[in-house]
Amino acid sequence: MKATARDVNARLAQPDRDLTAWLIYGPDRGLVRERANLLVKALVDDPDDPFNVTKLTDEDLKADPAMLADNMAALSMMGGDRLVRVQISTEAGGAPIAEFLKEFEAGKMPAEAWLVVEAGDIKPAGKLRKTFEPAKKALAAPCYAETGRDLVAFVDDALAAEGLHLESDARARFLPLIEGDRGVARSEVDKLILYKGPKEVRGDGEGAITLADIEASAAAGGDAALDRVVDTAMSGRVKDADASWMRARSGGASGVGLVRTIQRRIDLLSELKSGGPDAAMRLGAPRFGPAADSFKQQAALWNERALDQARQAAFEAERQMKRAGAAPAELLGGDLLLKLALRAEAMSSRRST
């Protein structure tokens with residue numbers, strides 16, 4: 001089955017539990033991840049439960065073609081619903097998933113878990129869409145660029161859930177900062193919520209977000225600083241990465257923000273490899289100057305397998321932050337940054353020899 005752009009949110013927020021598999025795809029990786037998270041939260045009690053939620057990449061499936069079928073057939077050890085979540089970075093990486101779904105639809109393959117697949121801007125004639133769209137037990141959910149009205153509704157709903165709202169001048173300043181990428185929008189909304197504090201401790205009348213609040217939270221400046229930190233790490237400049245992260249921390253940067261910036265950089269590099277320069281630029285990749293040159297060098301340095309491994313490491317760091325609480329977030333983020341910098345340094349050394 002295929003969802004339309006109009007009903008995709010509703011069909012993921014309240015999924016049909018008679019279905020087994022969902023394919024969520026589109027050029028905006030942030031929106032794809034946002035909607036995949038929405039679906040996963042609707043299907044399982046704890047999206048971070050390592051016993052009932054298995055996270056895989058196309059590289060995992062390439063290394064072990066039977067891994068998907070094995071995980072889909074496995075029963076829960078602790079009780080409760082199971083889910084397998086797969087991220088693919090290329091069209092070819094989805095071939096094992098398409099093959100599994102064909103076998104499952106034909107009654108030749110068991111499924112004891114739900115399957116959620118996240119992909120980029122895949123083609124209608126590709127194997128994944130040609131398998132998911134006519135399937136009776138699967139749904140293909142496209143995530144195309146949002147309109148200004150969609151973005152405003154998302155921001156207003158997310159803030160309203162925390163008892164907050166944007167004043168008119170704050171809205172005019174804030175919305176252009178997040179236009180075009182749901183991942184950026186989510187990150188910046190979360191920063192505002194964190195800055196204003198929990199609604200339980202705010203007094204009456206303190207739910208308005210003013211222009212001063214937007215400026216104080218330093219959304220754009222904070223992102224630029226973290227982009228520079230990640231830039232040094234992904235280029236293999238280990239000492240620079242450590243020093244720039246220390247400076248960013250002293251300026252108030254968070255470990256959560258660092259990990260999300262790393263995830264966004266990984267997504268941009270993956271998009272460049274799968275969709276080309278234009279696709280990456282549409283998602284926010286730098287277009288000109290030293291930043292663009294550095295981005296291209298990183299793309300040459302990081303192959304798809306290395307990017308998938310980096311993505312898994314970032315997911316694990318994020319999961320640990322959620323489980324451990326806020327205190328060690330900066331340490332976990334810094335540890336991830338150092339690992340990526342060392343990996344990039346080693347890959348750079350091999351290329352130069």
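We now turn to the structure provided with this report.

What counts, and where the lines are drawn
Residues numbered from 1 in each chain as written. Predicted model: local features only at pLDDT ≥ 70, side-chain atom pairs only at ≥ 80, totals over all residues. Heavy atoms only, no water. Helix = DSSP H or I, 4+ residues; strand = E, 2+ residues; numbered from the N terminus. Buried < 20%, exposed > 50% of the residue type's maximum accessible area, 1.4 Å probe, protein only. Contact = heavy atoms within 4.5 Å. Areas by Shrake-Rupley, 256 points an atom, 1.4 Å probe, with all protein chains shown as cover. Core = buried A, V, L, I, M, F, W, Y, C linked by side-chain atoms within 4.5 Å. Phe/Tyr/Trp six-rings, centres within 6.5 Å; stacked < 30°, edge-to-face > 60°. Pairing = 2+ DSSP bridges. Axes fitted to C-alpha atoms, helices over the stretch in contact; angles between N-to-C directions. Salt bridge = Lys/Arg side-chain N within 4 Å of Asp/Glu carboxyl O.

## Observations regarding the overall build of the protein chain
In terms of regular secondary structure, the protein chain is built from 17 helices and seven strands. If one aligns the C-alpha atoms of the protein chain with their principal axes, the spans along those axes are about 60 × 60 × 40 Å. Within the protein chain, the fraction of its 353 residues that count as buried is 48%. For the protein chain, long-range pairs separated by at least 24 residues make up 77% of all intrachain contacts whose partners lie at least 6 apart in sequence. Element-wise, carbon and sulfur atoms account for 53% of the exposed surface of the protein chain, whose accessible area totals about 17,000 Å².

## Regarding the nonpolar core
Core analysis: the largest hydrophobic core is formed by 37 residues, its most contacted members being Met234, Leu258, Ile262, Trp302 and Leu337. The set of elements that each furnish at least two residues to this core consists of helix H11 (219-234), helix H12 (238-250), helix H13 (255-275), helix H15 (289-301), helix H16 (304-324) and helix H17 (329-352). Considering every element that reaches this core, the biggest residue donor is H17, with eight residues. If near-sequence neighbours (up to four positions away) are discounted, Trp302 is found in contact with Met234, Lys273, Leu307, Ala310, Leu340, Arg343, Ala344 and Met347. By size, the runner-up hydrophobic cluster in this structure holds 26 residues, among which are Leu23, Phe100, Ala119 and Leu128.

## Some thoughts on the packing of aromatic side chains
Under the defined criterion, the tally for this structure stands at one aromatic pair. Taking the centre distance of 6.3 Å and the plane angle of 10° together, the rings of Phe100 and Phe104 count as stacked. Placement of the pair is Phe100 and Phe104 together in helix H5 (residues 95-105), with a separation of four residues, close to one helical turn. Residue Phe100 is classed as buried on the basis of its relative accessible area, which comes to 5%. In this structure Phe104 comes out as buried when scored by relative accessible area, which is 15%.

## Brief notes about the environment of Asp156
With respect to the helices and strands, Asp156 occurs in helix H7 (residues 148-160). Remark: the alpha-carbon pair of Asp156 and Ala253, spanning 97 residues in sequence, is separated by 25 Å.

## Let's talk about the side chain of Glu318
Considering the arrangement of structural elements, one finds Glu318 in helix H16. We classify Glu318 as buried; its relative accessible area is 18%. Sequence-distant contacts of Glu318, that is, excluding residues within four places in its chain, are made with Val259, Arg260 and Gln263.

## Regarding the sheet that holds strand S2 (residues 53-57)
Taken together, five strands build an open sheet; the order of strands is S2-S3-S4-S1-S5 and the sheet is parallel. This sheet does not close on itself; its edge strands, each paired only once, are S2 and strand S5 (138-142). The sheet shows a mean angle of 15° between the axes of neighbouring strands, direction not considered. Alignment of strand S1 (residues 21-25) against S5, held across five bridges, turns out to be parallel. Looking across to S5, one finds that Tyr25 is bridged to Pro142. Contacts between helix H2 (residues 29-43) and the sheet are confined to S1, strand S3 (83-87), strand S4 (114-119) and S5, with S4 contributing the most and set at about 170° to the helix. The strands that H5 touches are S1, S3, S4 and S5; relative to S4, the one it contacts most, it runs at about 150°.

## Describing the pattern of salt bridges
Tallied over the entire structure, the rule returns 15 salt bridges. Salt-bridge contacts for Asp227 lead to Arg265; the nearest nitrogen and oxygen are separated by 4.0 Å. Of this pair, Asp227 sits in helix H11 while Arg265 sits in helix H13; the two residues are 38 residues apart in sequence, bridging distant segments of the chain. Since its relative accessible area comes to 33%, Asp227 is described here as partly exposed. By relative accessible area, Arg265 is classed as buried at 9%. Residue Asp267 is joined to Arg311 by a salt bridge in which the shortest nitrogen-to-oxygen separation is 3.6 Å. Taken as a pair, Asp267 in helix H13 and Arg311 in helix H16 lie far apart in primary sequence, 44 residues in all. Salt bridges linked by common partners bring Arg33, Asp267, Asp308 and Arg311 together as one network.

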